[in-house]
Amino acid sequence: MGSSVRLLVLVLLVQSPGGMQAASKERVCETITVPMCRGIGYNLTYMPNQFNHDTQEEVGLEVHQFWPLVRIRCSPDLLFFLCSMYTPICLPDYRKPLPPCRSVCERAKRGCSPLMSQYGFEWPERMSCERLPRLGDETLCMDQNSSETTTAAPPFPKPTRGRARVAERECSCREPLVPIRRESHPLYGRVRTGPLANCAQPCHQAYFSAEERTFTAFWVGLWSVLCFVSTLTTVATFLMDTQRFKYPERPIIFLAACYLFVSLGYMLRLVAGHQRVACAPSGEHVLYDTSGPALCTLVFLLVYFFGMASCIWWVVLSFSWFLAAGMKWGSEAIAGYCQYFHLAAWVVPSIKTVMVLALSAVDGDPVAGICYVGNQSLGNLRGFVLAPLAVYLFTGSLFLLAGFVSLFRIRSIIKQGGTETDKLERLMIRIGLFTVLYTVPAGVVVACLVYEQHQRPGWERALACTCALERQRLGAGPDYAVFMLKYFMCLVVGITSGVWIWSGKTVETWRRFLARCCPCWRYKMATPPPLYGDTGTVYHKAPSHI
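A quick note: this is a predicted structure, and the numbers were derived from the prediction, not measured.

A. Broad picture of the state of the cysteines. Overall, the coordinates contain seven disulfides when judged by the stated rule. Here Cys74 pairs with Cys112 through a disulfide, and the sulfurs are 1.9 Å apart. The disulfide joining Cys74 to Cys112 has a torsion of about 85° about its S-S bond and is therefore right-handed. Of the two residues, Cys74 sits in the loop between helix H4 (67-71) and helix H5 (78-86) while Cys112 sits in helix H6 (residues 102-118), which places them 38 residues apart along the sequence. The class for Cys74 is buried, based on a relative accessible area of 18%. With its sulfur 1.4 Å from that of its partner, Cys203 forms a disulfide with Cys279. Judged by the sign of its S-S torsion, about 40°, the bond between Cys203 and Cys279 is right-handed.

Structure representation (structure tokens):
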């Protein structure tokens, strides 16, 4: 132990009334083994501490929860304050507790409490500053700020400029982040990752392993192919028998068509690869604007434009059901406004798409490998993706709820008249099933986006200020399962859009289509069952086309 600490011990023993009496009490000092509290100015502590931790293993499990705050240096006093509370100093010649001074706690709280509040955490009640003694009180305390005069000499030096420079170097643009150093670079002065300027995100999500990236490609590819097959079947069934699908059901067909093109965008990324779509031409970092390859812009148009159009067709579908069930409109009356439905469903997404392109807001998704908007800018994510999706979901759900109330009222009236309601009940079940199959995935996607926009600043800051081993130990970073759930829910609506055509009519439609297109199939359908004569000879009636 340093000479300054030994001098402090003598001062404390002289100034403290009853100090020698306290020294007679048994207290065993032990070397500090908590990794975070090693080398902070003293190396001996005692157990149990004031929080009733019996071992330093228990202390380590709890105090390391504050490690991210220590690493980002929200307050230079935080580490000393935490360690003096959890691993209190043990002086062989002074047996009374020596807590930190209230001023140390107040400085640490003033620097870190606002940051904790941003993420929904409050300053722990058990570390309330009001419980600690002030400088100059009868109860002695420790303070590491040498600029303040105390009755107890400060045993710990004030952090120097050299230490500040070391912390600044620790929070720097280093791997896996990509520094933008050349002023001639198109991203110079435009990119900012957390607290660091001119620091670009890598091409692949740095928090995920190579195995997770491989599985992501498989996961997105699997559901995009299934979505493509389902929506293609739905659209093809409609083209075979257009008169079958009338309003209010017809918007389902346009919704499925939109998801057909969305799945094409994901499949295009599957064929071209992550690197060619979502990364800059140099391959060093993820794409930040539309100055990249044309393939990126094409994927963005397919996924964003048709994705937003599908949401509006969902609102149109809900509105059509409301007009039919609640307002008693017929199919022809609803169809008379179809031009306005098409105007809203195609023009509104077009305006938003043009705005995104004009603002050069298209960027690469380092997880899925597609080009979208809001992957690198929280403002774009909220304005062009999250807010529209929430509005569309709320509006459509409102119309659906009103339509269901009307259907239940109609069902009650019909039952009172003694008429069968089987067909109406089947219709209500189909509408309810399709409603659940859309609203649940859409709600989950909105929830995932809310999680992402809330947590992303912390991920970027941890990526810049901690090394890979520390991130792995602390668990700092996005939840991989949330991202996989988001991509699944973005495509599952296209897969379930075929629910409406799952019926015997669809089988008959395809049977007639195959009979018209395939001569062999037509011959098989036209051949009647065999006729048996009296002698047992089998006769066949000649097909009409021979």
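B. Representation of the pattern of salt bridges. Within the structure shown, the criterion is met by six salt bridges. A salt bridge links Glu125 to Arg131; the nearest nitrogen and oxygen atoms lie 3.7 Å apart. Accessibility assignment for this pair places Glu125 and Arg131 in one class, exposed. Salt-bridge contacts for Glu452 lead to Lys486; the nearest nitrogen and oxygen are separated by 3.3 Å.

C. Representation of the packing of aromatic side chains within the structure. All told, the structure shown has 26 aromatic pairs when counted by the stated rule. Seen in terms of ring centroids, Phe208 and Tyr480 are 5.0 Å apart; in terms of plane orientation they differ by 85°. Their pairing is edge-to-face. Of this pair, Phe208 sits in the loop between strand E6 (199-200) and helix H8 (210-240) while Tyr480 sits in helix H17 (residues 480-496), placing them 272 residues apart in sequence. Here Phe208 falls in the buried class, since its relative accessible area comes to 5%. Pairwise contacts between aromatic rings join Phe254, Phe261, Phe305, Phe306, Trp313 and Trp346 into one cluster.

D. Spatial organisation of the packing of H8 against helix H18 (residues 504-517). The geometry of H8 relative to H18 is characterised by a closest axis approach of 10 Å and an angle of 70° between their N-to-C directions. As summarised for this structure, H8 and H18 are arranged roughly perpendicular, according to the angle between their axes. Where H8 crosses over H18, the two elements pack in a sense that is left-handed. Contacts between H8 and H18 pair Thr233, Ala236, Thr237 and Met240 from the former with Thr506, Thr509, Trp510 and Phe513 from the latter.

E. Highlighting the environment of Asp54. Within the secondary structure, Asp54 is located in the loop between strand E2 (44-45) and helix H3 (56-63). By relative accessible area, Asp54 is classed as exposed at 52%. Setting aside anything within four residues of it in sequence, one finds Asp54 in contact with Met47 and Pro48.

About the criteria used
- Residues numbered from 1 in each chain as written.
- Predicted model: local features only at pLDDT ≥ 70, side-chain atom pairs only at ≥ 80, totals over all residues.
- Heavy atoms only, no water.
- Disulfide = S-S within 2.5 Å.
- Helix = DSSP H or I, 4+ residues; strand = E, 2+ residues; numbered from the N terminus.
- Buried < 20%, exposed > 50% of the residue type's maximum accessible area, 1.4 Å probe, protein only.
- Salt bridge = Lys/Arg side-chain N within 4 Å of Asp/Glu carboxyl O.
- Phe/Tyr/Trp six-rings, centres within 6.5 Å; stacked < 30°, edge-to-face > 60°.
- Axes fitted to C-alpha atoms, helices over the stretch in contact; angles between N-to-C directions.
- Parallel < 35°, antiparallel > 145°, perpendicular 65-115°, else oblique.
- Left-handed = near helix turned anticlockwise from the far one by under 90°.
- Contact = heavy atoms within 4.5 Å.

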